[in-house]
Structures are given as C-alpha cells and as structure tokens.
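# Understanding the architecture of this molecule
Each chain, letter by letter, is given below.
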Amino acid sequence: MSPERTPSILVVNGPNLNLLGTREPAVYGSATLDDVIRLATETARAHGCTVTAMQSNHEGVIIDAIHAARPGTDAIVINAGALTHTSIAIRDALAAVALPVVEVHISNVHRREEFRHVSYISGVADAVIVGAGIDGYRLAVDHLASRLTAGTPPQGASPGK
Ligand code: CA2
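Residues numbered from 1 in each chain as written. Predicted model: local features only at pLDDT ≥ 70, side-chain atom pairs only at ≥ 80, totals over all residues. Heavy atoms only, no water.

Among the nonpolar cores identified, the biggest contains 24 residues, and I9, V11, V77 and Y137 are the most heavily contacted of them. Elements with a minimum of two residues in this core: β1 (8-13), α2 (33-46), β3 (75-79), β4 (101-105) and α5 (135-150). For this core, the element with the highest residue contribution is α5, accounting for six residues. (Core = buried A, V, L, I, M, F, W, Y, C linked by side-chain atoms within 4.5 Å. Buried < 20%, exposed > 50% of the residue type's maximum accessible area, 1.4 Å probe, protein only. Helix = DSSP H or I, 4+ residues; strand = E, 2+ residues; numbered from the N terminus.)

What follows is the structure in structure tokens.
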C-alpha cells in the first residue's frame, strides 16, 4: 500500500445474505444488508479507510470479485454464507490474492447444524468472528482498519494458506 492512498477494505457477502432483515429474524436479526454496509462503511471512515461492498448468490462472481481486489484493496471481510462450508474455490481465491482476511458469520455456526461447523475459509483467514450478529462486521472492519492505518497490517495469506 502506498502511503498516500486511502486504505480500502472489500466487504464480500455470499448467497442469500441479500435477504437479511426480511426472513429468519430469530437467526439473523432484523438488520438489512444495507445496514451492514452502512455499519462497515462508517466504521472504516472513523479510521480514515474506505469500504467497497459486494454481494452475490453466485460462487464464480464472488471469486471474480476477490481476484479483482488487487490492486486497490488492502484487506477483505467475507461472509461467504453457505459457500463457507463447501467452497474450496473461494478459499483458493483468497489465498491467491494474499490479502488480510477476516471471516464473519452473523449466527454462531458452532451452535447450529454440524455441516455449518466446517469452514473452508477459516484456514486462510487472519481472524474469525461468529455469533456477534451484524456487529461482527463492525469488529472485523475495526480490526483491519486499525492495523492498516497503524502500519502494522494483519498477516495476510502466508505460503501455508
Ligand atoms: O451466520 C451467517 O452469517 C451465515 O454465513 C449465514 C448463511 C449460512 O448458510 C451460514 O451457515 C452462516 C446463510 C445466509 C442466509 O441469510 C438469510 C437471511 C435472511 C433470511 C434468510 C436467509
């Protein structure tokens, strides 16, 4: 990251997260995806950073967005939705771009069905936040932005990832 450029964080949301706030409020709360993006953007702004947000119900579109993150993006927050539990391709894309990654889940996936306990993303993430509701996005952006602006960026992808 060049010192004169404003640090930028890409917030990626996967399948069905466009439905936030419309169904299953007991699991996902009543906030909408727009609320999530607003929260992430305001949190980043407080650190002098910017947010670019995308949501897709299609695995390949998410992979393309991750590939396109370089150059210009300094870190990624990702809630890959159900693709978390299935997509080696998204994991490989995150490892390929080698940016700092925080994985977020609104619900506590570990309290839910066993198939949600597996994440292909966690092994390439620097931090994982689950069960904090949409506040998880604020925590994720706060973590990344504070490190980016302090000049001590989180690790990013390592060869082991
Ligand atoms: O807890 C999370 O954030 C999840 O990533 C949400 C995914 C789920 O498949 C993961 O296991 C955990 C599902 C997102 C579906 O979002 C909806 C929101 C409102 C209504 C219906 C679905």
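Within the span of helix α3 (residues 59-67), buried status applies to I62, I63, A65 and I66. One side of α3 carries all its buried residues, which in axial view fall inside an arc of 160°. Along its buried surface, α3 packs onto β1, β2 (50-55), β3 and α4 (88-97). (Arc of directions from axis to C-beta. Contact = heavy atoms within 4.5 Å.)

Quick look at the site of the ligand now. By nearness alone, 17 residues border the ligand, and N79, H85, I106, S107 and R116 come closest of all. Take N79: an N or O atom from its side chain is 2.8 Å from an oxygen atom of the ligand. (Near = heavy atom within 4 Å. Polar contact = N/O pair within 3.5 Å; in protein donor to acceptor, adjacent residues only side chain to side chain.)

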